[in-house]
Each structure stands twice: as C-alpha cells, then as structure tokens.
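One-letter residues, chain by chain:
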Amino acid sequence: MMFKVEGHKLRSYLFAFGLACTAAVGFLPATPVIAQTRGLPDFADLVEQVGPAVVGIRTVEKVSTRGGGSGSGEMDEEMQEFFRRFFGQPAPGNPRPGPRPNRPQQPQEEERPRGVGSGFILTADGYVMTNAHVIEDASEIIVTLTDKREFKAKLIGADKRSDVAVVKIEATGLPVVKVGDISKLRVGEWVMAIGSPFGLENTVTAGIVSAKQRDTGELVPLIQTDVAINPGNSGGPLINLRGEVVGINSQIYSRSGGYMGISFSIPIDEAIRVSDQLRATGRVSRGLIGVAIGSVSKDVAESIGLGKARGALVSSVVPGSAADKAGVREGDIITKYGDKVIETPSDLSRSVASTKPGVKSTLTVFRNGSTRELSITVAEGDPEAKPSKRQPDREEPQAKPSAAGKSLGLAVSDLTDAQKKELKVRGVRIDAASDAAARAGLREGDVILSIGNIEVSSVKEFEAAIAKADKSKALSVLFRRGEWAQYALIRPSR
C-alpha cells in the first residue's frame with residue numbers, strides 16, 4: 001500500500017512513536033553503533049609532519065648534436081649541396097662559387113630534461129635519498145624543497161641492484177624524516193606516500209600494506225601496497241601512521257604504464273644499509289660465493305629424499321671462486337647459510353649479498369641423500385661473473401656404449417680423459433636417449449653425474465646404480481648440460 005505523509009506530520013508521528021517506545025522500555029542510554037569499529041585515519045597531521053622533508057627531483061641529460069651553421073644565417077649545407085648539383089649555382093643568400101666547402105661539423109652538447117622523481121631528506125646538512133633509476137645518466141640533478149628553494153645536487157653514489165641512490169645538496173637546518181622499524185610493519189596497516197607523480201609536486205596518496213616480503217626477483221623482498229604510485233613518485237617515502245619512513249616507493253605492476261592497484265617499495269632497513277655504504281665510500285660492497293643456483297621442485301625433493309621443496313640447487317660453480325674452494329659441487333642443494341634456513345634461491349642470494357666480504361660462514365648442503373657442512377669465506381667480486389664455457393672434447397674415440405640403461409631409454413659411454421679434464425666433472429655421457437629418458441628431457445650429449453643419489457663416474461658404476469634402482473618409482477638423475485647441472489626424473493612406463 002502506498003501512502004503519503006506531509007513532512008511536519010511525519011515528524012510528529014515519529015516523535016510520538018519514540019515517546020511510546022521510551023515509556024514501554026524505559027529510557028536507555030545511547031550505545032555507539034561503531035564502538036567496535038575504528039574510524040578511517042586522518043593523514044593531515046602526517047602530511048604537515050613529514051611533508052617538508054620530501055623533495056622533488058628533476059634531472060637534465062646532455063645530448064651530443066651536430067653543429068649547425070655559424071650563426072650568419074647560412075643555409076643548411078645539405079640544402080646548399082642540392083642547389084649546387086641541380087641548379088649549378090649556390091643557394092640564395094650564399095653566393096659562394098665553387099665546390100662545397102669541406103668543413104667538419106663540430107659536435108655540440110644540448111641539455112634536455114630527462115625526467116622527474118621524488119626523494120626525502122636524511123640529514124639536516126643535505127643528504128637526500130632517492131631511487132637509482134631516477135638519477136641514472138643525469139648530467140645535472142636539481143632538488144626542489146617544499147618551500148620552492150632549488151639546489152643543484154651532487155651524486156654521492158647509486159646502487160642499481162637495490163635501486164637506491166644518495167645525493168647531497170649544500171644546505172643546513174633542513175627538515176628530516178624519521179626512519180621506522182620495518183620489523184614492526186604489519187600487513188593491513190595504513191601507509192601514505194608523498195611524491196611528484198607526473199611532476200605534480202607534493203601529491204599525497206594512501207592505502208594499506210598488502211604484503212611485506214613480496215619476492216619479485218629483486219635483491220631484496222619488497223613491500224607491496226595498494227597506495228597509488230605513478231611515474232614521478234619513484235624515490236619518495238612510504239610512511240606509516242607514526243610518521244616514520246618504512247620504504248622507498250620504487251616500482252608498480254602495470255600493463256598500461258600507470259597505476260593499476262599494485263605498487264612496491266624498498267624496505268627502509270635495506271635502503272639505509274646501502275645509503276650508509278654510499279655515503280662512506282660511494283659504492284656498495286657485497287658478498288659473493290660464485291655459484292649459479294636454481295629452485296628445487298617438489299617431485300625432485302621427494303625423489304632424492306630431501307622431503308619438501310626447499311633450498312637452492314647449485315647448477316654451476318665458478319672455477320676458483322669461494323664456493324669452489326669450499327668444496328661446493330654441482331648438484332648440491334644448499335639448505336642453510338650460517339644460521340639462515342634457505343627456502344628459496346632468493347634467500348641464499350640475499351643472505352650472501354648482505355655478508356661483508358672476507359667473513360667466514362658455513363654452508364649446509366644436501367648431497368647424494370645426506371647433509372654436510374662446508375666452511376666458506378665470502379668473497380667480493382663482479383655479480384655479473386658467469387662460469388666459463390666448457391664444452392667436452394668429442395674428437396677422441398669413445399668407449400663402447402653400455403646397454404644397462406635400455407629399460408630407461410638410455411645408452412651411455414665413459415667420458416674420455418680429455419672430456420673429464422675439460423668439464424672438470426666425472427660421469428658418463430649420454431649417447432642416445434629415447435622413451436622414458438627422452439620424456440624426462442634427457443638428450444644426447446648430456447653428462448650424467450648421479451643416479452638415484454649414487455655418483456657415477458664410469459659405465460660400470462652407472463650399471464650398478466641402475467641395478468639398485470627401484471624401477472617402479474621415479475628415478476632422479478643429476479646431469480650436466482653445457483654449463484649447467486640440473487635434475488631430471490625418469491618415470492616408469494605404465
């Protein structure tokens with residue numbers, strides 16, 4: 001039923017109804033409906049507190065260009081040549097007969113704006129932190145404060161691997177940020193960003209922490225948030241509700257080039273460690289042990305007796321490296337570094353990188369079904385160093401292939417002495433792979449290092465290992481292909 005009540009009459013009815021209810025149940029004190037609910041945070045005080053320590057950064061890049069005319073109004077030389085060739089006369093305004101003068105063009109440098117970013121002031125005497133990619137290739141760095149003062153900054157140092165850079169401006173008494181404790185940061189808590197997206201200075205955005213240890217393949221696990229971050233925000237601070245910087249805004253996940261709801265920040269504790277080294281020496285020193293590593297699959301872990309999928313599989317060892325000297329071998333699975341349990345390859349990379357070169361540590365490795373500890377002295381070296389390419393010498397005559405692996409689809413032969421010396425491994429060479437072995441990914445030329453956790457250095461040992469294997473279960477095979485060692489599982493035919 002539809003009915004209509006005039007406004008003043010409706011208010012009278014409701015008032016009368018309220019009096020009736022009060023008379024019936026007695027006067028009850030009001031109970032807040034949202035007593036158990038927190039209100040949304042007010043970021044205004046945080047902006048006033050932290051905002052003055054946030055800066056805008058713009059960079060200039062010098063670009064070499066070919067010199068133009070001498071400034072006397074002469075026409076471009078290519079146009080002069082056109083007139084000379086097709087009209088037999090010099091171009092108008094350039095009445096110089098004869099062939100084209102052979103004047104070398106002088107290169108000139110032109111300054112062009114390169115980009116904009118953000119940063120924040122670490123110390124009152126002008127040290128500023130930002131991203132390495134913000135100032136990369138810049139010939140001039142200009143820092144703008146919130147009070148509109150501008151300073152030319154000096155680059156103190158930049159570290160591409162962590163994407164952290166420190167610059168210095170000549171000023172004193174500057175407002176500074178307060179550094180937070182990353183261990184107290186919780187998933188779900190509110191955070192705020194201040195920066196210059198698209199050059200819009202002092203833009204404030206807010207959101208929550210989505211994850212703390214997001215592994216994106218970077219040197220350190222990143223803080224993931226849903227704070228709106230766009231080009232120009234890079235290098236700006238991520239701030240908690242206590243007004244502390246907990247990260248440096250660095251990356252976004254995007255298919256469009258703009259913000260799509262996921263952004264990443266460098267944890268401030270790692271950034272401070274890097275900045276301390278940059279301020280002290282201008283560079284970052286990291287530990288290196290000289291191994292190429294990969295992950296361990298669940299099936300391989302179960303097959304070799306490791307249990308769950310964990311650790312870092314050593315695919316290759318750099319000759320003469322710290323790992324080589326410590327006795328690390330291809331196929332080892334590193335499960336601990338010092339007291340640190342290694343769950344993923346990234347765990348090992350980060351732990352080693354954060355170790356000061358020259359420090360002694362221990363590696364716990366799983367090898368051929370058992371665990372052992374190796375002492376290692378961490379070195380410093382080129383992080384881009386790769387194992388030298390080593391290819392087997394196949395010109396020498398090979399031993400007669402064995403038929404022991406026919407049930408697995410394998411035909412193998414002994415390595416020659418030259419091949420063993422060249423590869424610096426002991427094993428057997430695969431001459432043919434078919435059926436189950438081929439399905440497992442093995443192929444001719446691969447070198448088998450172990451079968452079912454049993455090392456094989458000859459066809460005879462290979463035959464013995466095959467004889468011991470349970471043909472009803474998947475058989476783990478550690479093999480070498482080119483520079484890298486890896487596992488394959490040969491599954492029984494059904």
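This structure is a prediction, so every number in the text was calculated from the model and none was measured.

A few words now on the overall build of the protein. From N to C terminus, the protein includes 11 helices and 25 strands. The buried share of the protein, reckoned over its 494 residues, is 43%. Contacts spanning at least 24 positions in sequence make up 61% of the contacts within the protein whose residues lie at least 6 apart. A total accessible area of about 27300 Å² is found for the protein, and carbon and sulfur atoms account for 52% of it.

The end-to-end C-alpha separation of helix H5 (residues 268-281) is 20 Å, in line with the 20 Å expected for 14 residues at 1.5 Å each. The set of residues buried in H5 consists of Ile268, Glu270, Ala271, Val274, Ser275 and Leu278. Looking straight down H5, one finds that the buried residues subtend no more than 150 degrees of arc, so they occupy a single side. Exposed side of H5, more than 90 degrees from the buried face: Ala280 and Thr281 are the residues found there.

Next up on the list: helix H11 (residues 459-468). Within the span of H11, buried status applies to Val459, Phe462, Ala465 and Ile466. Viewed along the axis of H11, the buried residues span an arc of 120 degrees, placing them on a single side of the element. Across H11 from its buried face, at more than 90 degrees, point the exposed residues Lys460, Ala467 and Lys468. Packing partners of the buried residues in H11 comprise strand E20 (410-414), strand E21 (428-433), strand E22 (447-451), strand E23 (454-455) and strand E24 (475-481).

For the rest of this paragraph, the subject is the pairing of strand E3 (residues 127-130). Burial along E3 is two-sided: Tyr127 and Met129 and Val128 and Thr130, pointing in opposite directions, are all buried. In this structure, E3 lies alongside strand E6 (residues 164-168), joined through 4 bridges in antiparallel fashion. The partner of valine 128 across the bridge, within E6, is valine 167.

Time to look at the pattern of salt bridges. In the structure shown here, the tally under the stated rule is 21 salt bridges. Of the charged contacts in the structure, one is a salt bridge between arginine 350 and aspartate 215, with a shortest N-O distance of 3.0 Å. You can see arginine 350 sitting in helix H8 (residues 345-353) and its partner aspartate 215 sitting in the loop between strand E9 (203-214) and strand E10 (222-225), a full 135 residues away along the chain. The exposure class of arginine 350 is buried, given its relative accessible area of 15%. Through salt bridges with shared partners, one network takes in Lys178, Arg242 and Glu244.

Along strand E8 (residues 190-195), 5 of the 6 residues are buried, which leaves the element largely enclosed by surrounding structure. Relative to strand E11 (residues 237-240), E8 runs antiparallel, the two sharing 3 bridges. Residue pairing for E11: methionine 192 is matched across the bridge by isoleucine 239.

Here lysine 340 shows up in strand E17 (residues 340-341). For the pair lysine 340 and leucine 363, spaced 23 residues apart in sequence, the C-alpha to C-alpha distance is 9.7 Å. When neighbours within four sequence positions are excluded, lysine 340 is seen to be in contact with Thr335, Asp347 and Ser351.

A few words on a nonpolar patch on the surface. A surface patch of nonpolar side chains, amounting to about 320 Å² of accessible area, comprises Leu40, Trp190 and Leu241. Its place among the elements puts tryptophan 190 in strand E8. A residue is classified by how much of its surface remains accessible, and tryptophan 190, at 32% relative accessible area, is partly exposed.

A few words now on the side chain of asparagine 131. Within the element layout of this structure, asparagine 131 appears in the loop between E3 and helix H4 (132-135). When its relative accessible area of 0% is taken as the criterion, asparagine 131 is described as buried. Not counting the four nearest positions on each side in its chain, asparagine 131 is found in contact with Asp163, Ala165, Ser234, Gly235, Ile248, Asn249, Ser250 and Ile266.

This brings us to the packing of aromatic side chains. Taken as a whole and judged by the stated rule, the model has 1 aromatic pair. With a centroid separation of 6.0 Å and an interplanar angle of 65 degrees, the aromatic rings of phenylalanine 43 and tryptophan 190 are classed as edge-to-face. Pair noted here: phenylalanine 43 is in the loop between helix H1 (7-25) and helix H2 (44-50) and tryptophan 190 is in strand E8, with a separation of 147 residues, a long-range link. The side chain of lysine 168 reaches across the aromatic face of tyrosine 127, ending 5.5 Å from its centre. The ring of tyrosine 127 has arginine 279 lying over it, and the distance from NZ or CZ to the ring centre is 4.4 Å.

The rules behind these values
Residues numbered from 1 in each chain as written. Predicted model: local features only at pLDDT ≥ 70, side-chain atom pairs only at ≥ 80, totals over all residues. Heavy atoms only, no water. Helix = DSSP H or I, 4+ residues; strand = E, 2+ residues; numbered from the N terminus. Buried < 20%, exposed > 50% of the residue type's maximum accessible area, 1.4 Å probe, protein only. Contact = heavy atoms within 4.5 Å. Areas by Shrake-Rupley, 256 points an atom, 1.4 Å probe, with all protein chains shown as cover. Expected span 1.5 Å × (residues − 1). Arc of directions from axis to C-beta. Pairing = 2+ DSSP bridges. Salt bridge = Lys/Arg side-chain N within 4 Å of Asp/Glu carboxyl O. Patch = residues over 30% accessible without salt bridge, like charges linked within 9 Å, V, L, I, M, F, W, Y side chains within 5 Å. Phe/Tyr/Trp six-rings, centres within 6.5 Å; stacked < 30°, edge-to-face > 60°. Lys NZ or Arg CZ within 6 Å of the ring centre and 35° of its normal.

Read these as layout, nothing more, since geometry by itself doesn't imply function.
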